[in-house]
Amino acid sequence: MKKYAVIVAGGDGNRAGGAIPKQFQLIDGLPMLWWSVRAFHEEDPTTEIIIVMHPGYFDYWEILYSEFPEDEKRINIKIVCGGRSRIESVINGLNSVDASEDSFVAVHDAARPLVSAGIISRGWDAARKNMAAVPVIPETDSIRRLTAHGSETVARKEYVRVQTPQVFESHLLKNAYAQPFLENMTDDASVVEAYGVKVALYEGDSRNIKVTNPEDFKIVEILKK
């Protein structure tokens, strides 16, 4: 099967701090977004990797990339323009994806640099069986639902935390993103569900954290050791 990875790296990542967007900040000498590229290449070198990036950072990326070790440059990538929102950025990335029924696309946030080849492989398998699949991990904290009168406890076992990569048949995801969508569609799975297709769940990984705040970089560095 033909596989594509759309790595979304178009935001400015203000909450993570730093003088540059978080996806370009270095982890072990490489920009954060490159660790996701590495993972997809490691899982299958034939996967076509598409990085969605704000055009205002194209020149900066070229400077970063020019300083990469030569063995890193063996990985073929395609850079496309990001949009004004994550949804627009994903659509721009999908424009480089073949919509044939035997191709699959994984959409992954560059802010999750600890994604592993194992998670990626599970995602491809789950999408091949179910058309659409997202990685999840159990909710371990006690959680409450906010109500008009305050809050109330809910059953923790009824909730899971969603990660990326979210993986789909390519033609399905492209068709789903062609529909009018609502503001509350926060990820690719919600767009596909609005299109009328059930999304399956597959096993994620607690290490596959999302870098959001400055301290998250320290956590990633520890987990990478």
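Before reading on, note that the structure itself is shown above.
Residues numbered from 1 in each chain as written. Predicted model: local features only at pLDDT ≥ 70, side-chain atom pairs only at ≥ 80, totals over all residues. Heavy atoms only, no water.

Draft legend 1. The packing of helix H3 (residues 86-94) against helix H5 (residues 170-177), seen in detail. For the pair H3 and H5, interaxial distance at closest approach is 10 Å and the crossing angle is 135°. By the criterion of interaxial angle, the relationship of H3 to H5 is oblique. Two packed elements cross with a definite hand, and for H3 against H5 that hand is left-handed. Taken together, the residues of H5 that come into contact with H3 (itself represented by Arg 86, Ile 87, Val 90, Ile 91 and Leu 94) are Leu 173, Lys 174 and Tyr 177. A class-by-class count of the residues in the contact of H3 with H5 yields six nonpolar, no polar and two charged. (Axes fitted to C-alpha atoms, helices over the stretch in contact; angles between N-to-C directions. Helix = DSSP H or I, 4+ residues; strand = E, 2+ residues; numbered from the N terminus. Parallel < 35°, antiparallel > 145°, perpendicular 65-115°, else oblique. Left-handed = near helix turned anticlockwise from the far one by under 90°. Contact = heavy atoms within 4.5 Å. Nonpolar A, V, L, I, M, F, W, Y, C, P; charged D, E, K, R; others polar.)

Draft legend 2. Structural detail: H5. H5 sits mainly inside the fold: six of its eight residues count as buried. For H5, the set of buried residues is Ser 170, His 171, Leu 172, Leu 173, Ala 176 and Tyr 177. At its buried positions, H5 is contacted by strand S1 (2-9), H3, strand S6 (103-109), strand S7 (132-138), strand S11 (166-169) and helix H6 (188-194). (Buried < 20%, exposed > 50% of the residue type's maximum accessible area, 1.4 Å probe, protein only.)

Draft legend 3. Local environment of the pattern of salt bridges. Counted under the stated rule, the structure contains 11 salt bridges. Among the salt bridges present, the one from Arg 38 reaches Glu 72, with a minimum N-O distance of 2.4 Å. Taken together, the positions of Arg 38 in helix H1 (residues 32-43) and Glu 72 in the loop between helix H2 (58-66) and strand S5 (77-81) put the pair 34 residues apart, joining distant regions of the chain. Taking the relative accessible area as the measure of exposure, Arg 38 reaches 31% and is therefore partly exposed. The buried category is assigned to Glu 72, whose relative accessible area is 3%. Through salt bridges with shared partners, a single network forms among Lys 3, Glu 43 and Asp 44. (Salt bridge = Lys/Arg side-chain N within 4 Å of Asp/Glu carboxyl O.)

Draft legend 4. Spotlight on the pairing of strand S4 (residues 48-53). Among the six residues in S4, five count as buried, and that is most of the element. Judged from the five bridges that link them, S4 and S5 form a sheet pairing that is parallel. Directly across from Val 52, in S5, lies its bridge partner Val 80. In terms of handedness, the path from S4 via H2 over to S5 forms a crossover that is right-handed. (Pairing = 2+ DSSP bridges. Right-handed = clockwise from strand over helix to strand, strands pointing away.)

Draft legend 5. Geometry of unusual backbone geometry. With an omega of 15°, the peptide bond running from Thr 164 to Pro 165 counts as cis. Within the secondary structure, Pro 165 sits in the loop between strand S10 (160-162) and S11. Of note in this structure, Asp 28 is not a glycine but carries a positive phi near 50°. Considering the arrangement of structural elements, one finds Asp 28 in the loop between strand S2 (26-27) and strand S3 (30-31). Overall, the relative accessible area of 57% leaves Asp 28 in the exposed class. The phi dihedral of Met 131 is positive, around 75°, even though this residue is not glycine. With respect to the secondary-structure elements, Met 131 resides in the loop between helix H4 (117-130) and S7. On the basis of relative accessible area, Met 131 is assigned to the partly exposed category, the value being 33%.

Draft legend 6. Molecular detail of the packing of H1 against H4. Relative orientation of the contacting elements H1 and H4 amounts to 60°, with a least axis distance of 8 Å. When the axes of H1 and H4 are compared, the pair comes out oblique. Pair H1 / H4 crosses with right-handed handedness. Contacts from Ala 39, Phe 40, Glu 42 and Glu 43 of H1 reach H4 at Ala 117, Ile 120, Ser 121 and Trp 124. Its residues assigned to classes, the contact of H1 with H4 comprises five nonpolar, one polar and two charged.

Draft legend 7. View of the layout of surface pockets. Of the pockets and cavities examined, the second largest pocket occupies roughly 220 Å³. Forming the boundary of the second largest pocket are 15 residues, of which Trp 35, Arg 38, Ala 39, Glu 42 and Val 115 lie nearest the centre. Top element by residues in the lining of the second largest pocket is H1. It accounts for five residues. (1 Å grid on protein atoms, 1.4 Å probe; cavity = no way out; pocket = protein on both sides within 12 Å on 5 of 7 lines; lining within 4 Å. Points joined across faces, edges and corners; volume = space filled by probe spheres on them.)

In short, shape yes, function no, at least from these values alone.
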